[in-house]
Amino acid sequence: MAKPKTFFTCNECGAESPQWFGKCPACGTYNSLEEQISIQSSVDVPSRGGVSSWQSAQGNGKSHAKPAKARASLTFDQITDRQIARWESGYGELDRVLGGGIVPGSMVLIGGDPGIGKSTLLLQVSNQLAQKYRILYVTGEESGQQVKLRASRLGVSKPASEVNEEKITVVDPTLPIEVVDSTLPIDPDSIGANLYVLPETDLEEILREIDSLKPNVAVIDSIQTVFFPALTSAPGSVAQVRECTAALMKVAKHEDVTMLIVGHVTKEGAIAGPKVLEHLVDTVLYFEGDRFASHRLLRTVKNRFGATHEIGIFEMVAEGLREVSNPSELFLGNRDDPAPGTAIVVACEGTRPIVVELQALVSPTSYPSPRRAGTGVDYNRLVQILAVLEKRVGIPMSKLDSYVASAGGLNVEEPAVDLGIAIAIVASFRDRIVDPGTVLIGEVGLGGQVRSVSQMELRLKEAAKLGFKRAIVPKGTKFPDLNIEILQVSKVIDAIIAAIPHQELTADDLEPDEEEQP
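Predicted model only: the values in this text are computed from it and were never measured.

Draft legend 1. Broad picture of helix α4 (residues 144-154). When we look at burial in α4, the residues that qualify are V147, R150, A151 and L154. Angular distribution of buried residues about the axis of α4 spans 100°; they occupy a single face of the element. Summarising the geometry of α4, the exposed residues directed more than 90 degrees from the buried face are Q145, K148, L149, S152 and R153. Against α3 (118-129), β5 (135-139), β8 (195-199) and β14 (320-323) lie the buried residues of α4. One or two residues past the end of α4 sits G155, with phi positive at roughly 70°.

Draft legend 2. Region of interest: the nonpolar core. Membership of the largest hydrophobic core comes to 46 residues, with the highest contact counts inside it found for L389, I421, I423 and I425. Put simply, the parts of the chain that give this core at least two residues each are β13 (311-317), β15 (342-349), β16 (352-364), α10 (379-393), β18 (400-406), α11 (418-430) and α13 (492-499). A total of eight residues in this core trace back to one element, the largest contributor, which is α11. In contact with I421, other than residues within four places in its own chain, are L358, V377, L382, I385 and V404. Counting 32 residues, the second largest nonpolar core, distinct from the first, contains W87, I116, V262 and L321.

Draft legend 3. Examining the pattern of salt bridges more closely. Counted by the stated rule, this structure contains 17 salt bridges. In this structure, the salt-bridge partner of R299 is E288, at a minimum N-O distance of 3.2 Å. Of the two residues, R299 sits in strand β12 (residues 295-303) while E288 sits in strand β11 (residues 283-288), which places them 11 residues apart along the sequence. According to the relative accessible area criterion, R299 is buried, its value standing at 14%. Where K465 meets E462, a salt bridge forms, and the shortest distance between an N and an O atom there is 3.3 Å. Taken together, the residues span about one helical turn, with K465 and E462 both in helix α12 (residues 456-465) at a distance of three residues. Relative accessible area serves as the criterion here: at 9%, E462 is assigned to the buried category. Residues joined by salt bridges that share partners form a network here, namely E16, R242 and E243.

Rules and cut-offs
Starting from 1, residues in each chain are numbered consecutively following that chain's sequence as written. Residues qualify for local features only when their pLDDT is at least 70, as the model is predicted, and side-chain atom pairs are given and counted only at 80 or more; totals for whole chains, interfaces and linings, by contrast, use all residues. The side-chain values count all of the structure's non-hydrogen atoms but skip hydrogen atoms and water molecules. Only protein chains enter the accessibility calculation, which uses a 1.4 Å probe. A residue is then buried if its area is under 20% of the maximum for its type, exposed if over 50%, and partly exposed in between. Numbering of helices and strands runs from the N terminus, with a helix taken as a DSSP run of H or I at least four residues long and a strand as a DSSP run of E at least two residues long. Directions drawn from the helix axis to the C-beta atoms are what define this arc. In what follows, a contact means two residues having at least one pair of non-hydrogen atoms within 4.5 Å. For our purposes a nonpolar core is just a set of buried Ala, Val, Leu, Ile, Met, Phe, Trp, Tyr and Cys residues, chained together by side-chain atoms within 4.5 Å. Definition used for salt bridges: Asp or Glu carboxyl oxygen within 4 Å of a side-chain nitrogen of Lys or Arg.

Honestly, it's all geometry; don't read function into it.
What follows is the structure in structure tokens.
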């Protein structure tokens, strides 16, 4: 007779405990243990040559001299080389964050806030891939009619040639090593013929459909709605998410089916479910964005087939998500009408340089403690830079309210933007305008030094491409000829003198402004 066993699982880290605790013993999260029930079979499972068979072969502990011989393990020389041809998704920004394209048989997890555009992105990508491969779109949150209505609104029935007329790399799924470059012929009558929609949440039915249809790519929207009938827990629980993900991963690796999975997030912004969910998949992507802004950022957190911390930038329009080819123009203000307290920096997200405008506002405080606020910048680094300016430069920041923001709401938290933050604050304090043709790159130390940062040549190339004439950078680094004036500084005070020259008042500045005539 099967015996039920009760245990408790942490919904944050997946750790199991025989009894309930208010605080998880593994990760320290409070009120995260949930009761789970498992059924232990009373039938003994025969061993397939496990520990007992090994002990019997040893002759009750007596060792025999035998030559070393591998049974199933292989050396690197014995493993056959297989060149993996990546598939183009139809969106260059997605291919960038994936490391160059979709790897066949990989498992990609995409998380993000509700309404950020996860389902929209995967539906558009499925439409592009359906022109070359067989796609199964499994939806557990919508009916087939709702998916079709959303597809009609997004215009996914349009051929890819209308969106991107560039040459497409066609990869034959049966020949994963050979890559053929040709222009893909598109039959307007067959658009969407390879895109199959399955409104289902039962894992067994989904696996049967995958086994019958044999798709090249399967989209699961979302993993928290899929359930395994053999488990008694509710869909979205730790046990359900873990078991369903493990089953889908086994199919992906054995059948060479690419899995694109949507994951819900918690109120803290982390992907809902056990942490093992992120460990099982090959790639973890986060879809970020401000609900008041139109742009969306697709950020790589984990990638077994490429670099991490890469970003892809999209813009939400009426027809869905659209790629942003030049993100620097999106986060760059009006350079023809500069204002006091602005500075231009070059931030790097992975291997992508982005030119961003930083804005600062400094005003006398009316409170005992001055107010500090930062939007798109690291608050701790902002407070540190304010302390350096007061101690090393002599600006009374303890009597001033300070506000710093990045144009467009992009998060630029790397140390390379420290110098731009410092110059923007000083320019606002002096009510001066920084030369709009100057970019600032460098990390500010506690002693007032300007330290070097990584990928300097990549940042300068991006600035020169956008027409900037001068760059203030840390001293001690050699640069090739990039058609941009390089001004090297070693102290923050030197950068302030170079970026904000002394401006003398003239007679015209002392005259009052003339009132406009009606």
